[in-house]
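Coordinate analysis (summary)
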Amino acid sequence: MQADIRKSQTKEHSVETISMKNVSKIYDNGHTAVQNVDLTIKEGDFVSFVGPSGCGKSTIFKMVAGLTTITDGHIRLFNEEIESNERDARDLAYVFQDATLLPWLNVEKNVRMPLTFQSIKKEEQNKMVKESLELVGLKGYEHAMPRELSGGMKMRVSIARALVSKPKMLLMDEPFGALDEITRQNLQEELLRIWNTQKMTVLFITHNVFESVYLSNRVAVMTASPGKIDDVIDVPLPYPRNAEIRTAPEFSSLVAEISEKLKK
Ligand code: ADP
């Protein structure tokens, strides 16, 4: 079934979600964080960004999300110029390495939080929160407090909160970086399942080349000082991806190719 969904996503791949043309970012202190980035991301893509610390991965995400200005060039998001700032904030959600949950609110209330800023009826909110919690496997944990949860469970809450508004695009900035390997692999599998069912576009930052190949259909390899996209590598491994794929020769050769580019 996942394969069917994936096929229909491929059909939709002609629709552009993000188009970056000659984009540069110079911060107020004069530091050029990103220079001349050209990148097109299609609807339903799962694109990972890998590169050394400080090469501008988060800066690209912040520009896409409208959290920082673009110094030069253009970004079009859902076919609208990003500067317009009139886009629907619900189109896009952000997940960080730190789950950033409110410690005094239980799981259900943390997930509901983004909806409380929107004029959505209480019954509809209840339905959306319930669906989102089920999607990430948190049914039964509605009343748990953040302090009672493991790192992996907190990340699930953070993902549920991001998904509750049914965004078209998810920006994930090293979400699994602080988790142990087993939890990380479990969440990678969960994330692919969610991506398939929700038909979202996902942009994902990671320092882990294995993770980038396992998850993505394309990997953007960046270089530092100033941050540029060196190459965008296609990952032609079929979906659904399971644990066996991690030991396949094609998987290893893609990991080797990307690692080699990063070493340069
Ligand atoms: P990455 O996510 O790849 O680690 P960032 O996008 O966070 O990189 O940062 C890129 C570069 O821009 C780094 O050198 C960082 O120190 C610098 N930088 C990030 N934010 C700011 C800021 N607000 N002001 C000045 N420099 C910044």
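What counts as what
- Residues numbered from 1 in each chain as written.
- Predicted model: local features only at pLDDT ≥ 70, side-chain atom pairs only at ≥ 80, totals over all residues.
- Heavy atoms only, no water.
- Salt bridge = Lys/Arg side-chain N within 4 Å of Asp/Glu carboxyl O.
- Helix = DSSP H or I, 4+ residues; strand = E, 2+ residues; numbered from the N terminus.
- Buried < 20%, exposed > 50% of the residue type's maximum accessible area, 1.4 Å probe, protein only.
- Near = heavy atom within 4 Å.
- Polar contact = N/O pair within 3.5 Å; in protein donor to acceptor, adjacent residues only side chain to side chain.
- Nonpolar A, V, L, I, M, F, W, Y, C, P; charged D, E, K, R; others polar.
- Domains from an automatic or database assignment.
- Buried area = accessible area lost by both parts, 1.4 Å probe.
- Core = buried A, V, L, I, M, F, W, Y, C linked by side-chain atoms within 4.5 Å.
- Contact = heavy atoms within 4.5 Å.

On inspection of all chains with the given rule, the structure shows 11 salt bridges. Glu108 is the salt-bridge partner of Arg112, the closest N and O atoms lying 2.4 Å from each other. Taken together, the residues Arg112 and Glu108, both in helix α3 (residues 107–116) and four residues apart, mark about one turn of the helix. As far as burial versus exposure is concerned, Arg112 and Glu108 are alike and both buried. A salt bridge links Lys130 to Glu134; the shortest N-O distance between them is 3.5 Å. Of this pair, Lys130 and Glu134 are both found in helix α4 (residues 122–135), four residues apart, which corresponds to roughly one turn of the helix.

Next up on the list: the site of the ligand. The local shell around the ligand consists of Tyr27, Asn29, His31, Ala33, Pro52, Ser53, Gly54, Cys55, Gly56, Lys57, Ser58 and Thr59. Side-chain polar atom of His31 to an oxygen atom of the ligand: 3.1 Å apart, as the coordinates give it. With respect to the ligand, the side chain of Ser58 contributes an N or O atom lying 2.7 Å from an oxygen atom. Counting residues per element, the shell around the ligand draws most heavily on helix α2 (residues 57–64), at three residues. When its residues are assigned to classes, the shell around the ligand shows four nonpolar, seven polar and one charged.

Moving on, we come to the domain arrangement of the chain. Here the chain is described as being made up of domain 1 (5–91 + 169–263) and domain 2 (101–166). With centres defined by C-alpha atoms, the gap from domain 1 to domain 2 works out at 25 Å. A buried area of about 1,100 Å², summed over both sides, lies between domain 1 and domain 2, and 71% of it is on carbon and sulfur atoms. Linking domain 1 with domain 2 are one salt bridge, by the criterion used here. Of all elements in the fold, only β7 (169–173) and α6 (181–198) reach the threshold of two or more residues within the side of domain 1 that touches domain 2. It is α6 that provides the largest number of residues to the side of domain 1 that touches domain 2, a total of seven residues. Taken together, the residues of the side of domain 1 that touches domain 2 sort by class into eight nonpolar, three polar and three charged.

Time to look at the nonpolar core. With 54 residues, the main nonpolar core has Phe46, Leu170 and Val213 as its most contacted residues. Here the element with the most residues in this core is helix α5 (residues 151–163); it accounts for seven residues. If we ignore the near neighbours within four places in the chain, the residues touching Leu170 are Ala93, Val95, Ala162, Leu163, Met200, Thr201, Val202 and Leu203. Counting 30 residues, the second largest nonpolar core, distinct from the first, contains Ile18, Phe49, Ile70 and Leu203.

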